[in-house]
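Commentary on secondary and tertiary structure
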Amino acid sequence: MSNNGFLGFLKELGATLLGALVKFILAFAVGTGGGAIVCWYYGLPLALSIVGGILVLGLALALSTDSLFD
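Residues numbered from 1 in each chain as written. Predicted model: local features only at pLDDT ≥ 70, side-chain atom pairs only at ≥ 80, totals over all residues. Heavy atoms only, no water.

1. Some words on the side chain of Thr-32
Tracing the chain through its elements places Thr-32 in helix 1 (residues 2-42). Those residues in contact with Thr-32, other than ones at most four positions away along the chain, are Ser-49, Ile-50, Gly-52 and Gly-53. (Helix = DSSP H or I, 4+ residues; strand = E, 2+ residues; numbered from the N terminus. Contact = heavy atoms within 4.5 Å.)

Structure representation (structure tokens):
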């Protein structure tokens, strides 16, 4: 019984971490895609679109974590 409880805990932990990882990857992809569209429109180098992905990823991380201000 104890072993099944531990395996259940590991499965739940893995599912939670995988869900969060997918959410953050999607946030980064959307930010990078939006940054690429802006860079393309204004004629800027597309390498700058990574900055948009990092900003959106940072915002997603900040909003998803618990803080003292909740």
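2. Digging into the packing of aromatic side chains
Scanning all chains against the criterion turns up 2 aromatic pairs. Seen from their ring centres, Tyr-41 and Tyr-42 are 5.0 Å apart, and the 90° between their planes marks the pair as edge-to-face. Owing to a relative accessible area of 64%, Tyr-41 belongs among the exposed residues under this scheme. The class of Tyr-42 is exposed, set by a relative accessible area of 60%. Above the face of the Phe-24 ring, Lys-23 is positioned so that its terminal group lies 6.0 Å from the ring centre. (Phe/Tyr/Trp six-rings, centres within 6.5 Å; stacked < 30°, edge-to-face > 60°. Buried < 20%, exposed > 50% of the residue type's maximum accessible area, 1.4 Å probe, protein only. Lys NZ or Arg CZ within 6 Å of the ring centre and 35° of its normal.)

3. Concerning helix 2 (residues 49-64)
If you check helix 2, its first and last C-alpha atoms are 23 Å apart, about what 16 residues at 1.5 Å a residue would give, namely 22 Å. Buried within helix 2 are the following residues: Ser-49, Gly-52, Gly-53 and Ala-60. Buried residues of helix 2, viewed axially, fall in a sector of 100°; they line one side. Facing away from the buried side of helix 2 by more than 90 degrees, the exposed set consists of Ile-54, Leu-55 and Ala-62. (Expected span 1.5 Å × (residues − 1). Arc of directions from axis to C-beta.)

What is shown is where atoms sit, not what they do.
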